[in-house]
Each structure stands twice: as structure tokens, then as C-alpha cells.
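# Notes for the structure review
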Amino acid sequence: QADRRLGVLQAQIEPHVLFNTLASVRASLREDPHQAEATLDALVGFLRSTIPQLRAEGAVLVSTLRQQVAICRHYLEVVALRTGGRLRYAIDLPDNLAGHSFPPSLLITLVENAVKHGIEPRPGPGMIHLSAASHQGRLQVSVSDDGAGLQPGLGSGTGLANVRAHLAQRSGGHARFQLTSRPGGGVVATLDLPMETA
């Protein structure tokens, strides 16, 4: 049930991405049709990676870290194109961790948060780095940005509240979420979960 609620949260993310991207495509159609085409291709990739999970009615929502990272990759590509390359991103996903079980929609929520509260408020280019590692049988996934940094009220929004509530309900206190300042500016959001095979 907790995973299904996260699926609903993911469905709420899609219209936001869709409308913003289509507005960007409309604005660039005449001036830069190649940019518009690339943005549409990235949007199609994002929707293809998210919609099949939402159509799995009656089934248990099972996802892997590989699937959730793919959703984030497509989303970041859409944002990078939509912002004219102002956003850069890097993803480090070791092959031996990609197939492990990972809750749906948690990671895209952290990535969206990094874009909205980290990169967008700060002028000039910005960088988001998504990485995964294992430590003592636990899976640690981080989203860091070099944006505006921790501001008053950051971390108390609905998206991150959903992340915390889901982790508490799903793992019975065995999963952790941390939001910290990044050395040199920006924020690091880290999910630390027991490692499970999908």
C-alpha cells in the first residue's frame, strides 16, 4: 500500500514535467526546431520509463534501483534541454547494485527537489550528481547539487515529508533519510536502506 501511494505521487509528478516541457517546446519550435525535437525525445523517454509502473493495477509495485535511476536520467535530460544546458548532471550506478530492490518514486522526488530548490533559484550553471554505493550490507543512494544550499523551510515540504513517511512505514525504522549541506555549497540528500534483491 505504501508503494502504491508512492506510485500515485509519481503520477502527480508527470503532469508537472509534461506541461513545463511542452511549454518549452512550443517556445523553441520556430527559433530552434532541433532543440524542440531533442526535448520531445527526452520527454518521451521519461514517460516511457514511468507510465508502465503506474498501469500495473492489482499488482505489487516492485522496482529496482536501475529502473528508478532510468526515470531520473530521463527527467534530468528533459530539464537540461529545457533550460538550454544550464543544468549538467552525472550518474554513478555500479552494475552490482543496479538490480537491487528500490522503492518507487523516492529517488525522482529527491532529484526534483534538487532542481527546484537547488539549481533553479541559483543563477548560472548548476550540477546534480546521483550516486549509489553499498556499505555493510546497506544501500546508500545520494543526490547532491551545487545550488542554493539549505534554506529555511527546506526539507519540510510535502515531497520530502512523503519520503520520510514512506521509509518509516516500509522499513520499520531500518531505513534513514538525511539532508545535509554540501561542502562548497549545495545540498546532499541521502537514502540509506537495507539491501534487498528485487
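That block above? That's the structure.
### Comments concerning the pairing of strand β5 (residues 187-194)
Most of β5 sits inside the fold, with 7 of its 8 residues counted as buried. As paired elements, strand β3 (residues 138-145) and β5 share 8 bridges and run antiparallel to each other. For S144, the partnering residue across the bridge sits in β5 and is V188. What sits between the antiparallel neighbours strand β4 (residues 176-181) and β5 is a turn of 5 residues, in which G184 has the positive phi angle 90 degrees.

### Points about helix α3 (residues 65-82)
In an α-helix, one full turn covers 3.6 residues, which means residues spaced three or four apart are oriented alike. End to end, α3 covers 26 Å across 18 residues, agreeing with the expected 26 Å (1.5 Å per residue, within 8%). Where α3 is concerned, the buried positions are L65, Q68, V69, I71, C72, Y75, L76, V78, V79, A80 and L81.

### Let's talk about the pattern of salt bridges
Considering all chains together, one arrives at 3 salt bridges under this definition. A salt bridge links E120 to R82; the shortest N-O distance between them is 3.8 Å. Separated by 38 residues along the polypeptide, E120 in the loop between α5 (106-119) and β2 (126-135) and R82 in helix α3 bring together distant segments of the chain. On the basis of relative accessible area, E120 is assigned to the partly exposed category, the value being 41%. The residue R138 makes a salt bridge to D192 at a minimum N-O spacing of 2.3 Å.

### Observations regarding the side chain of T190
Residue position: T190 is located in strand β5. Within polar-contact distance, the side chain of T190 engages the side chain of S142 at 3.0 Å. Among residues more than four places away in sequence, those in contact with T190 are V141, S142, R176, F177 and Q178.

Procedures and definitions
Residues numbered from 1 in each chain as written. Predicted model: local features only at pLDDT ≥ 70, side-chain atom pairs only at ≥ 80, totals over all residues. Heavy atoms only, no water. Buried < 20%, exposed > 50% of the residue type's maximum accessible area, 1.4 Å probe, protein only. Helix = DSSP H or I, 4+ residues; strand = E, 2+ residues; numbered from the N terminus. Pairing = 2+ DSSP bridges. Expected span 1.5 Å × (residues − 1). Salt bridge = Lys/Arg side-chain N within 4 Å of Asp/Glu carboxyl O. Polar contact = N/O pair within 3.5 Å; in protein donor to acceptor, adjacent residues only side chain to side chain. Contact = heavy atoms within 4.5 Å.

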